[in-house]
Amino acid sequence: MMMFAWVSATNCSRIYNTALGDKDGLRELGLQWKNVMKMDMENVWEAFHIHSLLIDQISLGEFHSQNQPLSLPHKDATQRLDRFVGALQARNIRFSDYHRPHYNHVCDGCSKVVERDGTMSLIRSAVTDGVTLGRPCCAVHDCKGSLSSPKRRYCPDHQELEGICATIGCDNPIRPGFKTCNRPECIQVEELYKEEGLAMKKFKERLERQKGHISVVHDPLLTAALGFTTDGQVDSVQPDDEVEVEIMSGSHPEDGMDIDKSGKEPQARATCTGKSDGHQKRLKARFGRKRTFCEELVVLSCGIVIGRTTFYGSEAPNGVVTFWEHLFPTPQSVPTFMWYDNNCHVKKILRNEPEHRLNQVALPVDVFHFKTKHKDNDKFCGEHCNPILWPELRDGDKWTFNSSAAEQVNAWIGGFLAMVREMREENCAFFLDEMLRRRNEYRIGELDRKGMQPKHINMDILMEGWDGYSPL
């Protein structure tokens, strides 16, 4: 239900309790059962983790031709789900690189045998793209440190910043019970932040009033965007999410916001975009928790996901290059064509490193973005990233490979937004990887039924010549 219908753990338990949790119904059938038949959210997550880890352990046992028992601690866990943390982290690390199942997948939808320089060669096509889900992370830009709790703002390495003024560039200690120091301009910024918090509360109240007039929303992406939970309830606004507030020092908090004195909801805040007049300066402050920027996926053109990572600060081209370097450690492991909507900037980065192994890869911009997002007069992009440059990508007047495969997967994975946005790092990564694994299994069955001949390349061939290769 989670994979196909984006059903939360809470709703899974409700469905079970409604359908099978009726103890009185069992008595009517003459069945005796002393235990409680009800399930709760933690029961569902325990079952999910145990089942997923057992499947993973069985696959490891099949690879090593021996059974590998799943071992979990029974003590020293403050909560029932804490005992899974070590096992989740271990699998997350393994799935972050070439150990992900179906990493070496090929089929007629993502590969093709062509003649190159008089020899027959196998070419593969993959697409890279990001989708915003946004779990809590450290508020320091691009910090990958784990939070001790999703409610924390900083990781343990930066926890001391919790006592520093929220105004950017101010290193003074905060006032007790506040997020800023005692400087008047910093106090002013926090007052504006609280004003906007009240406005957010009013927006939530308006949405709740309109709830009775909104029909059932079936699109999970739209559901999350409107602030509904997966069970159809209006979700609470997250007042502790990161907000950036900007003022001109010396102004009144209300100068930056149009507040209706009648008590109705404030209108959109008007931010001054002009320059300082020499007597005022811009002040910025950040309040609340920061969230990850996006989940970056590498998807074969047939729809099989072979890589996922989390981008914390931005989806910068150098971050994409680093992701590819980790995911594809050898020249032969990299797909022949790596579609990406910002490949022209990736190409410029790689040009500065002539010996880089990714220089052998063709880097076309996906067809949709090349037609709609890249300028016709961009000479560099046209000369290096126009998909028409490679004859192998064309089959008559049609494209050989689907260059929008990642966006199609993103539309599906975006349905989990409401489920993962309060998860801890290890739980979120494990959950997303498990959903992708199960989706891959289903997708391979579809490819087989369509006659696309799904297969696997021998991993020894893909990793040949690399001393760091470890089968598992």
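Participant: Any chance you could break down the overall build of the protein for me, citing the residues and the numbers?
Facilitator: Check the secondary structure of the protein and you find 15 helices and 13 strands. Here the protein holds 472 residues, and the buried ones make up 44% of them. Within the protein, counting contacts between residues at least 6 apart in sequence, those at least 24 apart form 66% of the total. Summing over all exposed atoms, the protein offers an accessible surface of approximately 25500 Å²; the carbon and sulfur share of this is 52%.

Participant: Can you tell me about the environment of Asn440, naming the residues and giving the values?
Facilitator: For Asn440, the position within the fold is in helix α14 (residues 425-449). Given the relative accessible area of 2%, Asn440 is considered buried. Taking the C-alpha atoms as reference points, Asn440 and Pro101, 339 residues apart in sequence, are found 8.7 Å from one another. Aside from chain neighbours lying at most four places away, what touches Asn440 is Pro101, His102, Gly303, Ile304 and Val305.

Participant: Describe the packing of helix α8 (residues 317-327) against helix α9 (residues 343-351), naming the residues involved and giving the relevant values.
Facilitator: Packing of α8 against α9 leaves a shortest axis separation of 9 Å and a crossing angle of 70 degrees. With respect to α9, the axis of α8 lies roughly perpendicular. Every residue of α9 that contacts α8 at Pro317, Asn318, Val321 and Trp324 is listed here: Asn343, His345, Val346, Ile349 and Leu350. When grouped by side-chain class, the residues that make up the contact of α8 with α9 number 6 nonpolar, 3 polar and no charged.

Participant: Help me get a handle on a nonpolar patch on the surface, residues and values and all.
Facilitator: Taken together, the side chains of Val113, Met120 and Leu122 present a nonpolar region at the surface, about 310 Å² in accessible area. Locating Met120 in the fold gives a position in strand β3 (residues 119-131). Overall, Met120 belongs to the exposed group, its relative accessible area being 58%.

Participant: Could you give me a rundown of unusual backbone geometry, with the residues and numbers involved?
Facilitator: Residues other than glycine seldom take positive phi values, yet Trp6 does so here, at roughly 55 degrees. Mapping Trp6 onto the fold places it in the loop between α1 (2-5) and α2 (9-19). Here Gln453, not a glycine, exhibits a phi torsion of approximately 55 degrees, which is positive. Tracing the chain through its elements places Gln453 in the loop between α14 and β13 (455-456).

Participant: An account of the confidence of the model for the protein is needed here, citing residue identities and associated values.
Facilitator: Summarising the model, the protein shows a mean pLDDT of 82, and 77% of its residues fall at 70 or more. Throughout residues 211-237 the model reports pLDDT below 50, and contacts reaching past four residues in sequence, or to other chains, amount to 37 contacts.

Participant: Before we move on, could you go through helix α12 (residues 405-413) and cite the residues and values that matter?
Facilitator: Within the sequence span of α12, burial applies to Ala405, Ala406, Val409, Asn410, Trp412 and Ile413. Taken down its axis, α12 places every buried residue within 160 degrees of arc, on the same side. The inward-facing, buried residues of α12 abut α1, β3, β8 (294-300), β9 (305-311), α13 (417-420) and α14.

Participant: Residue-level account of the side chain of Arg289, with values.
Facilitator: Secondary-structure assignment places Arg289 in the loop between β6 (282-287) and β7 (290-291). Classification of Arg289 as buried rests on a relative accessible area of 3%. Of note is the side chain of Arg289, whose polar atom sits 2.8 Å from the backbone oxygen of Pro150. Within the structure, Arg289 has its side chain in polar contact with the side chain of Glu422 (distance 3.0 Å).

Participant: So what's going on with the packing of α12 against α14? Residues and values would help.
Facilitator: Axis separation between α12 and α14 bottoms out at 12 Å; the angle between their running directions is 120 degrees. The orientation of α12 with respect to α14, classified from their angle, is oblique. Crossing of α12 against α14: the hand is right-handed. Each of Val409, Trp412 and Ile413 in α12 lies in contact with α14, whose residues at this interface are Leu432, Met435, Leu436 and Arg439. Tallied by class, the residues present in the contact of α12 with α14 amount to 6 nonpolar, no polar and 1 charged.

Participant: Give a detailed account of the pattern of salt bridges, specifying residues and quantitative values.
Facilitator: One pass over the full model with this rule turns up 18 salt bridges. Linking Glu422 and Lys151 is a salt bridge whose minimum nitrogen-to-oxygen distance equals 3.7 Å. Taken as a pair, Glu422 in the loop between α13 and α14 and Lys151 in the loop between β4 (136-137) and α6 (184-210) lie far apart in primary sequence, 271 residues in all. One salt-bridge network, held together by shared partners, links Arg91, Glu434, Arg437 and Arg438.

The rules we used
Residues numbered from 1 in each chain as written. Predicted model: local features only at pLDDT ≥ 70, side-chain atom pairs only at ≥ 80, totals over all residues. Heavy atoms only, no water. Helix = DSSP H or I, 4+ residues; strand = E, 2+ residues; numbered from the N terminus. Buried < 20%, exposed > 50% of the residue type's maximum accessible area, 1.4 Å probe, protein only. Contact = heavy atoms within 4.5 Å. Areas by Shrake-Rupley, 256 points an atom, 1.4 Å probe, with all protein chains shown as cover. Axes fitted to C-alpha atoms, helices over the stretch in contact; angles between N-to-C directions. Parallel < 35°, antiparallel > 145°, perpendicular 65-115°, else oblique. Nonpolar A, V, L, I, M, F, W, Y, C, P; charged D, E, K, R; others polar. Patch = residues over 30% accessible without salt bridge, like charges linked within 9 Å, V, L, I, M, F, W, Y side chains within 5 Å. Salt bridge = Lys/Arg side-chain N within 4 Å of Asp/Glu carboxyl O. pLDDT = per-residue confidence, 0-100. Arc of directions from axis to C-beta. Polar contact = N/O pair within 3.5 Å; in protein donor to acceptor, adjacent residues only side chain to side chain. Left-handed = near helix turned anticlockwise from the far one by under 90°.

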